[in-house]
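# Overview (structure and organization)
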Amino acid sequence: MVLVLLRLIALLPLPALHGIGRVLGRCVYALPGRYRQRLQRNARQAGYDDPAFARRAAGETGAMIMETPKVWLQTAKCVPKVVSDTEHVATDAMAEGRGILYLTPHLGCFEITARYIVKYGPITVMYRPPRHAALEPVMEAARSMSGLNAVPATRQGVREFVRALKRGEAVGMLPDQVPGSGDGVWAPFFGRPALTMTLAGKLARQTGVAVVVAAAERLAHGKGWRLHYLRLPEPLPDDPQALAGLINQSMETLIRRFPEQYLWSYNRYKVPADAPPLPESVSA
């Protein structure tokens, strides 16, 4: 039933989906509660304290949600709507033949990124299984695409990542999720310590691949998306905390380009019960 509903939503044109999403996003934001408070707090942390900015950001979150079924289920119609001014960053890295680790934050349309990059060759992406069994058919349909290999966020999935990178292929992951126990270090994110995953750094150092941060900016009037690429400078730091800080800094650079499209409502500064203590080198 859920899949049928999403297929119907996907039939709508992209401008309509974005318009409906922005209205719904602002309506949800207008309601008092934790969502509104977190969005405001996280945006202020990055220097965006204008109430109008928060409303626009909430609207963009709604647009992201509404465009997702179309990206998942009508990929062939969405990919041609992607443009890029920095595509040479990806093609130059690919030409080196040593594999690419793409890091895609919760910015813009992060679902379109891997589906566009697959034109360069196979890409393996990591996902978290849905909490509700009813969503599993939806996820299966979303992952059904030639050249796109989706693996679960488990040890087996990590092994698949390593194999793909050693074959000189590409892998993709979200770098701004709060990591699980023992998999993170504290690093600044917009001036505040955030528990940051170490998996991306471990993979990069273990395999010696190029690391590219990528994000798809949502264009006005439903015209599509502009894909931004930003390569991490090499050599990468050996220290896990320094490398996590570099990744966060690179994400900040992309977010500053179209900040209203970042998912500010995500609980990025969550402090899990088993989180390591803050080091003295990172100010609270």
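Everything here concerns the structure above.
Note that this is a predicted model, so its numbers are computed, not measured.

Glancing now at the sheet that holds strand β1 (residues 82-83). Spatially, the seven strands line up as an open sheet ordered β1-β9-β8-β2-β5-β3-β4, and their pairing is mixed. Every other strand in the sheet has two partners, leaving β1 and β4 (148-152) as the edge strands with one partner each. Both strand β3 (residues 123-127) and β4 contribute to a ladder of five bridges, which runs parallel. Paired with Val125 across the two strands is Ala150, which belongs to β4. With respect to the sheet, helix α4 (residues 51-73) is in contact with β8 (210-218) and β9 (225-231), its orientation differing from that of β8 by roughly 105°. Contacting β2 (100-103), β8 and β9, helix α11 (residues 240-257) crosses the sheet at an angle of about 150° to β9.

Here we take up the pattern of salt bridges. This structure, assessed with the given rule, holds 14 salt bridges. Notably, a salt bridge pairs Arg226 with Asp85, separated by 3.3 Å at the nearest N-O pair. Remark: Asp85 occurs in the loop between β1 and α6 (87-95) and Arg226 occurs in strand β9; sequence separation between them is 141 residues. With a relative accessible area of 26%, Arg226 lands in the partly exposed category. Exposure remark for Asp85: the relative accessible area of 60% places this residue in the exposed category. For Glu217, the salt bridge identified is with Arg226, shortest N-O distance 3.8 Å. One network of salt bridges, with partners in common, ties together Arg22, Glu60, Glu67 and Arg218.

Once that is clear, we can look at the packing of helix α2 (residues 14-30) against α4. Viewed as axis vectors pointing N to C, α2 and α4 meet at an angle of 135°, and their least axial separation amounts to 6 Å. In terms of axis orientation, α2 runs oblique to α4. Judged by the twist between their axes, the crossing of α2 over α4 is right-handed. On the side of α2, the interface is formed by Leu14, Leu17, His18, Ile20, Gly21, Arg22, Leu24, Gly25, Arg26 and Tyr29, while α4 contributes Ala54, Arg55, Arg56, Ala58, Gly59, Glu60, Gly62, Ala63, Met66, Glu67 and Lys70. Grouping the amino acids of the contact of α2 with α4 by side-chain chemistry returns nine nonpolar, five polar and seven charged.

Rules behind the numbers
- Residues numbered from 1 in each chain as written.
- Predicted model: local features only at pLDDT ≥ 70, side-chain atom pairs only at ≥ 80, totals over all residues.
- Heavy atoms only, no water.
- Pairing = 2+ DSSP bridges.
- Helix = DSSP H or I, 4+ residues; strand = E, 2+ residues; numbered from the N terminus.
- Contact = heavy atoms within 4.5 Å.
- Axes fitted to C-alpha atoms, helices over the stretch in contact; angles between N-to-C directions.
- Salt bridge = Lys/Arg side-chain N within 4 Å of Asp/Glu carboxyl O.
- Buried < 20%, exposed > 50% of the residue type's maximum accessible area, 1.4 Å probe, protein only.
- Parallel < 35°, antiparallel > 145°, perpendicular 65-115°, else oblique.
- Left-handed = near helix turned anticlockwise from the far one by under 90°.
- Nonpolar A, V, L, I, M, F, W, Y, C, P; charged D, E, K, R; others polar.

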